Amino acid sequence: MKTILVIFGTRPEAIKMAPVVLALQRQSHFRPVVAVTAQHREMLDQVLELFGIVPAYDLDIMRPRQSLFEVTVRALRGLEKVLQEARPDLVLVHGDTTTTFVGALSAFYLQIPVGHVEAGLRTGNKYAPFPEEMNRHLTGVLADLHFAPTARAAAALKREGVDPEKIFITGNTVIDALQSVVRADYRFGDQHMYRFLEGGKRLILVTTHRRENWGEPLRQVYRALRRVVERLEDVAVVFPVHRNPVVREAAEEIFAGLDRVHLLEPLPYADFANLMARCHLVLTDSGGLQEEAPSLGKPVLVLREVTERPEALEAGTVRLVGTGEERVYREVIHLLTNAAAYHQMASAVNPYGDGRASQRISAALLYYFGQGPRPEAFSPKVLASTSFCPPAQNSETGKKE
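Everything numeric in this text was worked out from a predicted model, so none of it was measured.

Caption draft 1: Representation of the packing of aromatic side chains within the structure. By the definition in use, this model includes 12 aromatic pairs. Ring geometry for Tyr 222 against Phe 239: centres 5.5 Å apart, planes inclined by 55°, an arrangement best described as tilted. Placement of Tyr 222 in helix H9 (residues 216-231) and of Phe 239 in strand E9 (residues 235-240) is noted, with a sequence separation of 17 residues between them. Between Tyr 368 and Phe 369, the aromatic rings sit 5.0 Å apart at their centres with planes inclined by 75°, giving edge-to-face as the arrangement. Grouping aromatic residues by their ring pairs yields a cluster made of Phe 30, Tyr 368 and Phe 369. Here Arg 11 stacks its cationic end above the ring of Phe 272, 5.8 Å away from the centre of that ring.

Right under this line is the structure:
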């Protein structure tokens, strides 16, 4: 039995790696062991609880206003001890966080093979997103197995000289996670959620957290949204605000006094996913939401100038709008007042997954260890739009309206 050490540290990583851990647990050839750096703390714990995953190792490195230097040093020191004790046959990391890169580097120092989930995403700009673009580049250099979510990501790896035999096109595991939690009859744990879910308004779901957007870029985005709400009375904004004080202080200042802007604490993943399924439009600087929202038939306006997920741009599910106040305002108003433009984005084909990415990763590991055939590559050509628009629920009875 092969020991697979799965390392992650943030909520997005946990969401995308949880289905992989569960798939490995179902496979008799593997013993998955989870190590978390807890680069995020509370938000990470919510996901672990949701999927029933108990880490064998928890470094608990999170500190208030921590710098990249501090995260890197604490994670590196902690993972050295974890790897020496766990003695895994292979380490799995995900995506592009500092934990991802440090996990791969730690394994390399001890000459342990590395598998990189969500490999091959590129913007071509080392500072956008920062530090994620370089984290995934450096992890790719260290990795022995590359689990690319799409054919385009696989092609990027090949251009960089990666052996095609080491690349597996799997689809994105976030679709696996999303399909496991989104339900039309979902009951929100916090009854206060129903005050805007049942308010008859078109909901704009907003998330912002990118370092390169801190300061004036975020303030411009928030001013644009304030103008949208002041102009359109049937629109409301729902904004689970990131815990970073830089984000929170700007949001609280600019949205002060607006009844139809709901600033929430970060939501548990199941609540967030089901809220997204019930919204009208998503406005975000997140990478993962560019994959999740299209699978629910939700148009996404991305608050960035570049994206490592061009498949969504080509499919028409996502549009880059930057952070300038006038452009953000104009693009949001366009989708809210032009039904044809909205429908075109909402009904586009989702290129990111079919819910079986974790199974393909498990099968690829079996292949790597000589225990099975090479898995078939994921292809989006068989997918249709999977728009999910569940009916509202009565907050007292939970019955569909």
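Caption draft 2: Structural view of the packing of helix H7 (residues 173-181) against helix H11 (residues 269-278). Orientation of H7 relative to H11, taken along the N-to-C sense of each, is 85°, at an axis distance of 9 Å. If you check the angle between H7 and H11, you find them roughly perpendicular. Judged by residue contacts, Val 174, Ala 177, Leu 178 and Val 181 of H7 engage Tyr 269, Ala 270, Ala 273, Asn 274 and Met 276 from H11. For the contact of H7 with H11, the residue count by class is 8 nonpolar, 1 polar and no charged.

Caption draft 3: A look at the pattern of salt bridges. This structure, assessed with the given rule, holds 27 salt bridges. Across the pair Asp 96 and Arg 136 runs a salt bridge whose closest N-O atoms are separated by 2.6 Å. Pair noted here: Asp 96 is in the loop between strand E4 (90-94) and helix H4 (98-109) and Arg 136 is in helix H5 (residues 132-142), with a separation of 40 residues, a long-range link. For the pair Asp 96 and Arg 136, one class covers both residues: buried. Ionic pairing is found between Arg 210 and Glu 132, a salt bridge with its closest N-O pair at 3.1 Å. Highlighted residues: Arg 210 in the loop between strand E8 (202-207) and H9 and Glu 132 in helix H5, separated in sequence by 78 residues. Since its relative accessible area comes to 5%, Arg 210 is described here as buried. Taking relative accessible area as the criterion, Glu 132 reaches 14% and is therefore assigned buried. Through salt bridges with shared partners, one network takes in Lys 16, Asp 96, Glu 118, Glu 133, Arg 136, Glu 291, Arg 304, Glu 308 and Arg 309.

Caption draft 4: Seen up close, the packing of helix H14 (residues 325-337) against helix H15 (residues 339-346). H15 packs onto H14 with a crossing angle of 95° between their chain directions and a minimal axis gap of 5 Å. Comparing their axes, H15 and H14 come out roughly perpendicular. Here His 334, Leu 335 and Thr 337 of H14 lie close against H15, whose contacting residues are Ala 339, Ala 341, Tyr 342 and Met 345. By residue class, the composition of the contact of H14 with H15 is 5 nonpolar, 2 polar and no charged.

Caption draft 5: Quick look at the environment of Phe 147. Examined against the element boundaries, Phe 147 turns out to sit in strand E6 (residues 145-148). As a C-alpha pair, Phe 147 and Thr 10 span 137 residues in sequence and 19 Å in three-dimensional space. Among all residues touching Phe 147, those that are not within four sequence positions of it are Leu 92, Gly 115, His 116, Val 117, Glu 118, Ala 119, Phe 168, Thr 170, Ile 361, Ala 364 and Leu 365.

Caption draft 6: Inspection of the confidence of the model for the protein chain at higher detail. Summing up the model confidence of the protein chain, the mean pLDDT is 91 and the portion of residues at 70 or higher is 95%. Under a pLDDT of 50 for its full length, residues 382-401 has, in the predicted model, 51 contacts with residues more than four places off or in other chains.

Caption draft 7: A look at the nonpolar core. Leu 92 and Leu 275 are the most contacted members of the largest nonpolar core, which has 66 residues in total. What Leu 275 contacts, discounting residues up to four positions off in sequence, is Phe 188, Met 193, Phe 196, Leu 197, Leu 203, Leu 205, Val 238 and Leu 267. One finds Ile 254, Leu 281, Leu 303 and Val 321 within the second-largest nonpolar core, a separate group that totals 34 residues.

Caption draft 8: Region of interest: the sheet that holds E6. If you walk across this open sheet you meet the 7 strands as E3-E2-E1-E4-E5-E6-E7, and the pairing is parallel. Edge positions in the open sheet fall to strand E3 (57-58) and strand E7 (167-169), since each of these has one partner strand only. The sheet contact formed by strand E1 (residues 2-8) and strand E2 (residues 30-36) spans 7 bridges and is parallel. The residue of E2 that forms the bridge with Leu 5 is Val 33. Sheet strands in contact with helix H3 (residues 68-86) are E1, E2, E3 and E4, and its direction is about 165° off that of E1. Here helix H16 (residues 357-368) sits on the sheet and contacts E2, E4, strand E5 (114-117), E6 and E7; the angle it forms with E6, its principal contact strand, is near 155°.

Caption draft 9: Summary view of the environment of Ser 347. Summarising the element assignment, Ser 347 is placed in the loop between H15 and H16. Between the alpha carbons of Ser 347 and Ala 315 there is a distance of 9.9 Å; along the sequence they are 32 residues apart.

Caption draft 10: View of unusual backbone geometry. With an omega dihedral of -5°, the bond running from Ala 128 to Pro 129 counts as a cis peptide bond. For the bond from Phe 130 to Pro 131, the omega torsion is 5°, close enough to zero to count as cis. Phi angles above zero are rare outside glycine, and Arg 65 is one such case at about 50°. Position of Arg 65 relative to the elements: it lies in the loop between E3 and H3. With relative accessibility at 64%, the residue Arg 65 sits in the exposed group. The backbone of Gln 111 shows a phi angle near 55°, a positive value even though the residue is not glycine. Summarising the element assignment, Gln 111 is placed in the loop between H4 and E5.

Caption draft 11: Molecular detail of a nonpolar patch on the surface. Together, Phe 108, Tyr 109 and Leu 110 line one region of the surface with nonpolar side chains, adding up to about 330 Å² of accessible area. Examined against the element boundaries, Leu 110 turns out to sit in the loop between H4 and E5.

Conventions we followed
- Residues numbered from 1 in each chain as written.
- Predicted model: local features only at pLDDT ≥ 70, side-chain atom pairs only at ≥ 80, totals over all residues.
- Heavy atoms only, no water.
- Phe/Tyr/Trp six-rings, centres within 6.5 Å; stacked < 30°, edge-to-face > 60°.
- Helix = DSSP H or I, 4+ residues; strand = E, 2+ residues; numbered from the N terminus.
- Lys NZ or Arg CZ within 6 Å of the ring centre and 35° of its normal.
- Axes fitted to C-alpha atoms, helices over the stretch in contact; angles between N-to-C directions.
- Parallel < 35°, antiparallel > 145°, perpendicular 65-115°, else oblique.
- Contact = heavy atoms within 4.5 Å.
- Nonpolar A, V, L, I, M, F, W, Y, C, P; charged D, E, K, R; others polar.
- Salt bridge = Lys/Arg side-chain N within 4 Å of Asp/Glu carboxyl O.
- Buried < 20%, exposed > 50% of the residue type's maximum accessible area, 1.4 Å probe, protein only.
- pLDDT = per-residue confidence, 0-100.
- Core = buried A, V, L, I, M, F, W, Y, C linked by side-chain atoms within 4.5 Å.
- Pairing = 2+ DSSP bridges.
- Patch = residues over 30% accessible without salt bridge, like charges linked within 9 Å, V, L, I, M, F, W, Y side chains within 5 Å.
- Areas by Shrake-Rupley, 256 points an atom, 1.4 Å probe, with all protein chains shown as cover.

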